[in-house]
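Structural features, examined
Residue strings, one per chain:
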Amino acid sequence: MFSNLFSVFVVRHLSTSAKLPNIPSSRYKNLAIREAQKALTEYLHGTSCLPYTYAEHISKSSPLSLASLITKVDFSAVTFSKKFKKFLRYHPINEFEFFFESIGIDYNDVSGLLRSNKFFFSEDRTLLDAAGALSEFGFPWNDLGKLYVESSSIFRSNAGELKSKLLEFKKYGFCNVHVVGICLAFPYVLCGECEVGSESEALLNFLKSVFLDFELATSVEENVNSWYEVCRKIRVFYDLCGDKRRLPELVERNKNIFLEHGEELIQKVEYFCRFGVNKEEVAVLLLQAPELLSLNLQKPVINITKLLEYIGLETENLKDVTQNFDHVLGTNKMANLPLVMRALDLHQWFIDKIKDGNHQLLVKYIVSYPDEDRAEEYRSGLEMINASNTPNHTMKKLNLLHSWGFGENALIFDLLAHLHGTSIELQERFDCFLCLGIEHSKLCKMVRMTPKILNQNARSIEQKVTFLCQGMGYSLEYLHRYPGYLLFGLENRIKPRYRFHMWLTEKGLCTKDYSIASIVATSEKAFLARVYKMHPAAPKHWFEQFRL
């Protein structure tokens, strides 16, 4: 019964998602797909000597690879089956391509996993034997890709080793279904030995406490999908906590979190991790304050100043925010709150405030102020964007600025006017600065001061920052004060001017300590006038030795 339903699903999936331009109608497409699956199964079983079950799994679970074959065969309702079988005889396929798609790996990623010198299972049976051992134990064939993507070394183990490991896991008190769910959520447990003191042993002891000692297992349905989903949610918290000693107790006291909440639990974890605080703090916060899991933290529009006051920011600090962070103030979506707080450099303060039972402050705020009105000048700016020639392009950039923590205020439209490039390009450049070690709040201030620093590619940004720190010996702190340094060309302005300045200093001609801004930003005319005062022959030396 299941096999028939699965076949119908695959046929429908192929008919709607795969392009078969050589077949005139959906009726004939279904016929071609069924015949192609049957022929491929026979080919893998007969020619490649695969067990029939494996051959059927592969042929029925690789719809896009199969579609690419079907398009290579001239279609005729009467002769297609015969032609397709003949095609397989004289045009050997890359069997690993079908295998990888069949175990659930995205078709677009399959080509990157193929090896140029191996096409047939007979050349390397390790992958197939490992998959077979896992399948026989109870792993769904289509889910084996979860294991491969995270820990491909699992499939380099021989079948006997895998079976031995899986049976070892059962000694902890788990049945096959439990072990499968655990391994799909924690693939790395299959990579090492469960020796005393090992990471695998610690994990299995933890799961034994949670599921068996604390009886969480009695509330989980006895099927692989249910166990995988619960284990996947537990892994989120397991990975967050460096010190695992408190975790069993926290999970035991909050078992319902893993049973009653689905994808929103993982989304909330990701949301609070974006505050950039210690991840263990996030785990403890959500386990101790499950009410946060039911909050809508995506759509509401909030007033930043009002929220800070409500949560308890002291008057003096609020005054500092008003004076120095006008680019963040105004309204913004609740979804952007983590990076809003990072833009204000208040992310740790915020998490500290809502810990230890004070999360009710956030809960009550959202209930009391479910959706704030946006300022009139901001709404006017939106109307101008919608009336422009490129509203979609501009709105993507505007939303990107908000996601970084910039507020819904009149100032943001001035910034927007100076930013060039797509939202994807701007995000790449912004991320480049962060990777170089510039703090989020300081980067937002730099963009506020000099938005054009984001109008150059990431490679150029990296080279200029590297030369500032390694070539000139300055710290990143200098960029916070003078981001305009980044607007000048590295090879035709920054390097020659700085090196000429160093030469003048070494020769004793320059006795004044000029700033980088003064060296780089001064106009050519003013620069030459300055060095002429140092020595009448200096401009000539500049043009002959340093000026490109």
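Residues numbered from 1 in each chain as written. Predicted model: local features only at pLDDT ≥ 70, side-chain atom pairs only at ≥ 80, totals over all residues. Heavy atoms only, no water.

The next subject is the packing of helix α3 (residues 52–60) against helix α8 (residues 126–137). Orientation of α3 relative to α8, taken along the N-to-C sense of each, is 100°, at an axis distance of 11 Å. The angle between the axes of α3 and α8 places the two elements in the roughly perpendicular class. Between α3 and α8, the residues in contact are Tyr-54, His-57 and Ile-58 and Leu-128, Gly-132, Ala-133, Ser-135 and Glu-136, respectively. (Axes fitted to C-alpha atoms, helices over the stretch in contact; angles between N-to-C directions. Helix = DSSP H or I, 4+ residues; strand = E, 2+ residues; numbered from the N terminus. Parallel < 35°, antiparallel > 145°, perpendicular 65-115°, else oblique. Contact = heavy atoms within 4.5 Å.)

Using the criterion set out here, one finds 34 aromatic pairs in the structure. Seen from their ring centres, Phe-206 and Tyr-238 are 5.0 Å apart, and the 40° between their planes marks the pair as tilted. Highlighted residues: Phe-206 in helix α12 (residues 199–213) and Tyr-238 in helix α13 (residues 224–240), separated in sequence by 32 residues. Owing to a relative accessible area of 5%, Tyr-238 belongs among the buried residues under this scheme. Pairing Phe-500 with Trp-503 gives two aromatic rings, centres 5.9 Å apart and planes at 10°, and the pair type is stacked. In this pair, Phe-500 and Trp-503 are both assigned in helix α30 (residues 490–506), 3 residues apart and thus about one turn of the helix distant. For Phe-500, a relative accessible area of 0% translates into the label buried. Since its relative accessible area comes to 22%, Trp-503 is described here as partly exposed. (Phe/Tyr/Trp six-rings, centres within 6.5 Å; stacked < 30°, edge-to-face > 60°. Buried < 20%, exposed > 50% of the residue type's maximum accessible area, 1.4 Å probe, protein only.)

So, about the environment of Phe-543. Its place among the elements puts Phe-543 in helix α33 (residues 538–546). Here Phe-543 falls in the partly exposed class, since its relative accessible area comes to 44%. The spacing of Phe-543 and Asp-326 is 217 residues in sequence and 45 Å in space, taken between C-alpha atoms. With residues near it in sequence (within four places) discarded, Phe-543 still touches Glu-524 and Leu-528.

Turning to the environment of Ser-62, a few remarks are in order. Positionally, Ser-62 belongs in the loop between α3 and α4 (63–70). Put simply, Ser-62 and Ser-102 are 40 residues apart on the chain and 4.7 Å apart in space, counted from C-alpha to C-alpha. Excluding its chain neighbours within four sequence positions, the residues that come into contact with Ser-62 are Phe-98, Glu-101 and Ser-102.

All right, on to the state of the cysteines then. Per the stated rule, a full pass over the model turns up 0 disulfides. Lacking any disulfide linkage, Cys-241 is separated from the closest cysteine sulfur, that of Cys-273, by 10 Å. Among the residues examined, Cys-241 registers a relative accessible area of 4% and is labelled buried. The thiol of Cys-432 is unpaired, and the distance to the nearest cysteine sulfur, on Cys-435, comes to 6.8 Å. (Disulfide = S-S within 2.5 Å.)

On to helix α28 (residues 458–471). Its 14 residues give α28 an end-to-end C-alpha distance of 19 Å, which sits within 8% of 20 Å, the value for a rise of 1.5 Å per residue. Those residues of α28 not exposed but buried are Ala-458, Ser-460, Ile-461, Lys-464, Val-465, Phe-467 and Leu-468. Buried residues in α28 make contact with α26 (423–435), α29 (477–481) and α30. (Expected span 1.5 Å × (residues − 1).)

The next point concerns unusual backbone geometry. In this structure, Cys-49 takes a positive phi of about 60° despite not being glycine. Among the residues examined, Cys-49 registers a relative accessible area of 55% and is labelled exposed. With a phi angle near 60°, Asp-345 is a residue other than glycine that sits in the positive phi range. For Asp-345, the location among the structural elements is in the loop between α20 (337–343) and α21 (347–354).

According to the stated counting rule, one finds 25 salt bridges in the structure shown. With a shortest N-O distance of 2.9 Å, Glu-281 and Lys-355 are connected by a salt bridge. Placement of Glu-281 in helix α17 (residues 279–288) and of Lys-355 in the loop between α21 and α22 (360–368) is noted, with a sequence separation of 74 residues between them. The class of Glu-281 is buried, set by a relative accessible area of 16%. Note on Lys-355: relative accessible area 21%, which makes it partly exposed. Here the residues in one salt-bridge network are Arg-115, Lys-118 and Asp-124, joined through shared partners. (Salt bridge = Lys/Arg side-chain N within 4 Å of Asp/Glu carboxyl O.)

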